[in-house]
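Spelled out from the first residue to the last, the chains are:
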Amino acid sequence: MNGAEGDKTLPIANVGRIMKQSLPPNAKISKESKQLMQECATEFISFVTGEASDKCHKENRKTVSGDDICWALCSLGFDNYAEAIGRYLYKYRQAELVKLNQNKLETAKDKV
Amino acid sequence: MRQAGAYSNLLCGGISGRTGPHSLPLARIKKIMKNSSEDVKMISGVAPIVFSKACELFIEELTRRSWIMAIDGKRRTLNKEDIASAVIATDIFDFLITLVSNSDATDANNTVIQMETI
C-alpha cells in the first residue's frame, strides 16, 4: 500500500483490532474481510459527513460541528450510537479537564 | 460489556495505548471528512472525536452481524462474503451496497445483488 492510498482509508491495524474485540476469542478474521471493513468504515465517514455538511450548507454555516455529526447519525438511522457517543464525549472532556488542572498545578509549583 | 475498556481507559491510552485515547487516528478521520465533499471546508475539533467513537460502534455492529452470517455457514473465520451478506440484510447499511458489490465479495451472492438493484 503506497502512502497516497493509505491516506484515504482508516488504518487496517486499528480496524482489525476493533473487529477482533467485537468477536469471540476463537473467531478468525480473513485479511480480505479486514480490507473490506476498512473501506466500509471509510465510506461511513464520507456518507455521514456528506449529510452533516448538507445541513451546514442549508443553514449557511461554514463549520461542521460535533452536533452536526450527531444529528446526521440520527437522521441516517444510527440513533442508537448517540447515547454511547454522548458518554464518550463526556469522559473525553473530563480527561481533558484533569490534564488541564495537572498542567496548572505543575506550572504553579515551578513558580514557587 | 466489551466497550467498558475503551472509555474507562481514556486517561491511560484507550485500546492500543499508542494511538492516544482514541481507537482511530483523528488526523486520518479529518482527512477522510475533507475528501468526502467540496463543500466541507471547516471542521470543528470535536467532530473527528465523535467519529472515532461512531466508527468504532459501526465496525463493531457490522462485524457482529457478519459473524452471524459466518456462524450460519458453520465457519469460524469471518470472510468478506459475510460482510456483504450483513450489509444486504441491514437497511441502515444500504449505502454500502455498491461498495460490497464492487468488491469480489458478492460473487457468490450475485443473484441477490441483481434483485436488490433492479
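Residues numbered from 1 in each chain as written. Chains lettered and ligands numbered in written order. Predicted model: local features only at pLDDT ≥ 70, side-chain atom pairs only at ≥ 80, totals over all residues. Heavy atoms only, no water.

**Thoughts on the overall build of chain B**
Okay, so step 1: The helix and strand tally for chain B stands at 6 helices and 2 strands.
Okay, so step 2: Starting at the N terminus and walking to the C terminus, you meet the elements of chain B as α-α-β-α-β-α-α-α.
Okay, so step 3: Counted over contacts in chain B with a minimum sequence separation of 6, partners at least 24 positions apart contribute 38%. (Helix = DSSP H or I, 4+ residues; strand = E, 2+ residues; numbered from the N terminus. Contact = heavy atoms within 4.5 Å.)

**Side note on unusual backbone geometry**
Trans peptide bonds make up most of the peptide bonds, and negative phi angles are found at most residues other than glycine.
Okay, so step 1: Positive phi, normally seen in glycine, also occurs at asparagine 60 of chain A, with a value near 55°.
Okay, so step 2: Residue placement: asparagine 60 of chain A occurs in the loop between α3 (31–58) and β2 (63–64).
Okay, so step 3: Even without being glycine, lysine 74 of chain B reaches a positive phi, approximately 55°.
Okay, so step 4: For lysine 74 of chain B, a relative accessible area of 76% gives the class exposed. (Buried < 20%, exposed > 50% of the residue type's maximum accessible area, 1.4 Å probe, protein only.)

**A few points about the interface of chain B and chain A**
Okay, so step 1: Tallying the contact residues gives 59 residues for chain B and 61 residues for chain A.
Okay, so step 2: Summing both partners gives a buried area of about 5600 Å² for chain B against chain A, and 73% of it is carried by carbon and sulfur.
Okay, so step 3: Taken together, chain B and chain A are joined by 11 residue pairs in polar contact (both at pLDDT 80 or more).
Okay, so step 4: Elements represented by at least two residues in the side of chain B that touches chain A include exactly α2 (26–36), β1 (42–43), α3 (47–72), β2 (77–78), α4 (80–89) and α5 (97–102) of chain B. (Buried area = accessible area lost by both parts, 1.4 Å probe. Polar contact = N/O pair within 3.5 Å; in protein donor to acceptor, adjacent residues only side chain to side chain.)

**Focus: the pattern of salt bridges**
Residues and elements named next belong to chain A.
Okay, so step 1: This model, assessed by the stated rule, comprises 8 salt bridges over all chains.
Okay, so step 2: When the shortest N-O distance is used, the salt bridge between glutamate 59 and arginine 61 registers 2.7 Å.
Okay, so step 3: With relative accessibility at 41%, the residue glutamate 59 sits in the partly exposed group.
Okay, so step 4: With relative accessibility at 32%, the residue arginine 61 sits in the partly exposed group.
Okay, so step 5: Because the salt bridges share partners, they merge into one network encompassing Lys55, Glu59, Arg61 and Asp68. (Salt bridge = Lys/Arg side-chain N within 4 Å of Asp/Glu carboxyl O.)

**Observations concerning helix α2 (residues 12–21) of chain A**
Okay, so step 1: Of all the positions in α2 of chain A, only Asn14, Val15, Gly16, Ile18 and Met19 of chain A are classed as buried.
Okay, so step 2: On its buried face, α2 of chain A sits against β1 (28–29) and α3 of chain A together with α3 and β2 of chain B.

**Overview of the UniProt feature "domain: Transcription factor CBF/NF-Y/archaeal histone" (unreviewed entry) in chain A**
Okay, so step 1: Residues annotated in UniProt with the feature "domain: Transcription factor CBF/NF-Y/archaeal histone" (unreviewed entry) correspond here to residues 9–73 of chain A.
Okay, so step 2: Secondary structure over residues 9–73 of chain A splits into 71% helix and 6% strand, and the C-alpha atoms at its two ends are 20 Å apart. (UniProt positions renumbered as here; feature names shortened; annotations may be inferred.)

**Some points on the side chain of threonine 9 of chain A**
Okay, so step 1: For threonine 9 of chain A, the position within the fold is in the loop between α1 (3–6) and α2.
Okay, so step 2: With a relative accessible area of 16%, threonine 9 of chain A lands in the buried category.
Okay, so step 3: In contact with threonine 9 of chain A, other than residues within four places in its own chain, are Gln38 and Thr42 of chain A together with Arg28 and Ile32 of chain B.

**Some details on the state of the cysteines**
Okay, so step 1: For the coordinates displayed, the defined rule picks out 0 disulfides over all chains.
Okay, so step 2: Of the cysteine sulfurs around cysteine 70 of chain A, a residue in no disulfide, the closest is that of cysteine 74 of chain A, at 7.0 Å.
Okay, so step 3: Judged by its relative accessible area of 21%, cysteine 70 of chain A is partly exposed.
Okay, so step 4: Cysteine cysteine 55 of chain B shares no disulfide, and the gap to the nearest cysteine sulfur, in cysteine 40 of chain A, comes to 11 Å.
Okay, so step 5: Note on cysteine 55 of chain B: relative accessible area 0%, which makes it buried. (Disulfide = S-S within 2.5 Å.)

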